[in-house]
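Listed below are the residues making up each chain.
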Amino acid sequence: MRIGLALGGGGARGLAHIAILEAFDELGVKPAMIAGTSIGALIGAAYASGMPAAEIRRYCEAAFARRSALIRHLYFRWRGRVWDFWRPGSPAFFKSERIFEVVLPADLPKTFESLEIPFQSVATDFFTQSEYVSVSGPLLPAIAASSALPALLTPVKLDGRVLIDGGFVNPLPFDLLTPHTDFVIAADVSGGASEQKDNFPRPMETLLGAQQIALRSIINAKLKTSAPNLLIRPAVGQFRVLDFRRMDEILAASAEAKAEAMQGLTKLLERSLENALTTVHSSRP
């Protein structure tokens, strides 16, 4: 049975995807194809490269879990001048491709063709206002484009297009996998409602939070017409888009989602085994 895995966008909430990948690894199941949007594209590409979930967890802990760790990570990977990464007068605070060149594993494959698992990365074509899916060619600009959240990260020019975060058109790309796989599992980390507070959110928090509301609305509207075979929604609504330093809490909150993924995969394995045994018995004279 060919299993497709869709990993959605949601900023730091997307660290919950690691828990889902751990379920695959612990059961010895490998997806036949992966599709990702935004942070789902980042983590999906790493997993598609052959990087085990445990290694992705360790890498993210070393890079993001603490402010000192992030500073140390950037220091050792940093190349060039500060202006190569950050220009206050540009369309966004940070240059997408240069930032992800530093943040992503240094040995990540350079092209889609070099990945171990077929992978699709979703971005938004700003001028045609349509979905743009990358499945071949250079990997870094494609996943940088998928994560290029306006005001925070610059748009990416790729294949003659100006691309921004894929969450604006397809924040949970399970539909891309349906034609190519038998069973699709989708992990939605858009979050949902969070705890009511008395104080107003800060400007950047408002901007990023509004994007997440739109993302969640798109997913809910999409689910009314089609759905993956298994939809997993980790309980990460209480975390903000940039809460990367709360990685331990995010993964702890994802424990139930991991158990749900393991249960779903176990049922699939049992069903596949039953079908195989039925086929063997029916083929005997």
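The structure presented is a predicted model; accordingly, all values stated were derived computationally and were not measured.

Caption draft 1: Seen up close, the side chain of Ser96. Relative to the assigned elements, Ser96 resides in helix α5 (residues 96-103). Contact partners of Ser96, with chain neighbours within four places excluded, come to Ala144, Ala148, Leu153, Thr154 and Val156.

Caption draft 2: Examining the environment of Gly44 more closely. Note that Gly44 resides in helix α2 (residues 39-48). Here Gly44 falls in the buried class, since its relative accessible area comes to 0%. Residues Gly44 and Ile34, 10 residues apart in the sequence, show an inter-C-alpha distance of 6.6 Å. In this view, Gly44 contacts Leu7, Ile34 and Phe119; residues no more than four positions away in its chain are not counted.

Caption draft 3: Seen up close, the nonpolar core. Counting residues in hydrophobic clusters, the biggest one holds 65 residues, and the most contacted among them are Phe24, Phe119, Ile143 and Ile185. Broken down by element, the residue count for this core peaks at eight residues, all from α2. Sequence-distant contacts of Ile143, that is, excluding residues within four places in its chain, are made with Ala41, Leu42, Ala45, Leu104, Leu108, Phe119 and Ser121. Residues Ala6, Ala35, Val184 and Leu215 belong to the second largest nonpolar core, which totals 12 residues.

Caption draft 4: The arrangement of the pattern of salt bridges in detail. Under the definition given, this model contains 12 salt bridges. Residue Glu22 is joined to Lys258 by a salt bridge in which the shortest nitrogen-to-oxygen separation is 3.5 Å. Of the two residues, Glu22 sits in helix α1 (residues 17-27) while Lys258 sits in helix α9 (residues 255-283), which places them 236 residues apart along the sequence. For Lys258, a relative accessible area of 18% gives the class buried. Ionic pairing is found between Arg246 and Glu249, a salt bridge with its closest N-O pair at 2.9 Å.

Caption draft 5: Representation of the packing of aromatic side chains. Under the criterion given, the structure shown has two aromatic pairs. Considering the side-chain rings of Phe112 and Phe119, the 5.9 Å spacing of their centres and the 20 degrees angle between planes classify their relative orientation as stacked. Judged on exposure class, the residue Phe112 and its partner Phe119 are both buried. Seen in terms of ring centroids, Phe126 and Phe127 are 5.2 Å apart; in terms of plane orientation they differ by 90 degrees. Their pairing is edge-to-face. On the accessibility criterion, Phe126 (46% relative accessible area) is partly exposed.

Caption draft 6: Seen up close, α1. Among the 11 residues that make up α1, eight are buried, leaving the element largely enclosed by the rest of the structure. Phi turns positive, to about 70 degrees, at Gly28, one or two residues after α1.

Caption draft 7: Here's a closer look at the packing of α1 against α2. The interhelical angle for the contact between α1 and α2, taken along N-to-C directions, is 25 degrees, at an axis separation of 11 Å. One finds that α1 runs roughly parallel with respect to α2. When you trace α1 past α2, the crossing you get is right-handed. Between α1 and α2, the contacting residues are His17, Ile18, Leu21, Phe24 and Asp25 on the first element and Gly40, Ile43 and Tyr47 on the second. Residue composition of the contact of α1 with α2, grouped by class: five nonpolar, two polar and one charged.

Caption draft 8: Region of interest: the pairing of strand β4 (residues 119-125). For β4, a buried count of seven out of seven residues is recorded, marking the element as mostly surrounded by other parts of the structure. Inspection of the sheet shows strand β2 (residues 33-37) paired to β4 by four bridges, in the parallel sense. Residue pairing in the sheet places Ala35 in a bridge with Gln120 of β4. Judged from the five bridges that link them, β4 and strand β5 (residues 130-134) form a sheet pairing that is antiparallel. Bridge assignment links Val122 to a residue of β5, and that residue is Val133. Following β4, the chain reverses through four residues before pairing antiparallel with β5; Gln129 in that reversal takes a positive phi of roughly 55 degrees. Where β4 lies against strand β8 (residues 161-165), three bridges are found, and the strand directions are antiparallel. The residue bridging Asp125 from the neighbouring strand is Leu163, located in β8.

What counts and how
The written sequence of each chain sets the order in which its residues are numbered from 1. A pLDDT threshold of at least 70 governs which residues receive local features in this predicted model, and a stricter bar of 80 or more applies before side-chain atom pairs are shown or counted, although totals over entire chains, interfaces and linings include all residues. Each side-chain value is derived from all of the structure's non-hydrogen atoms; neither hydrogens nor water enter the calculation. A run of H or I in DSSP counts as a helix once it spans at least four residues, and a run of E counts as a strand once it spans at least two, with each numbered from the N terminus. By definition in these notes, contact holds between two residues if any of their heavy atoms fall within 4.5 Å. A 1.4 Å probe rolled over the protein chains alone gives each residue an accessible area, and that area as a share of the maximum for its type sets the label: buried under 20%, exposed over 50%, partly exposed in between. The criterion is simple. A nonpolar core is a set of buried Ala, Val, Leu, Ile, Met, Phe, Trp, Tyr and Cys residues joined through side-chain atoms within 4.5 Å. A pairing counts as a salt bridge when a side-chain nitrogen of Lys or Arg comes within 4 Å of a carboxyl oxygen of Asp or Glu. The criterion for an aromatic pair is that two Phe, Tyr or Trp rings (for Trp, the six-membered ring) have centres within 6.5 Å, with stacked assigned to planes under 30 degrees apart, edge-to-face to planes over 60 apart and tilted to the rest. Where helices are involved, their axes are fitted lines through C-alpha atoms of the stretch in contact, as for all axes, and angles between N-to-C directions lie from 0 to 180°. The scheme is simple: roughly parallel for angles under 35 degrees, roughly antiparallel for over 145, roughly perpendicular for 65 to 115, oblique for anything else. Handedness of a crossing follows from how the near helix is turned relative to the far one, being left-handed for an anticlockwise turn of less than a right angle and right-handed for a clockwise one. Classification convention: Asp, Glu, Lys, Arg as charged; Ala, Val, Leu, Ile, Met, Phe, Trp, Tyr, Cys, Pro as nonpolar; all other residues, Gly among them, as polar. For two strands to be treated as a pair, DSSP must find at least two bridges joining them.

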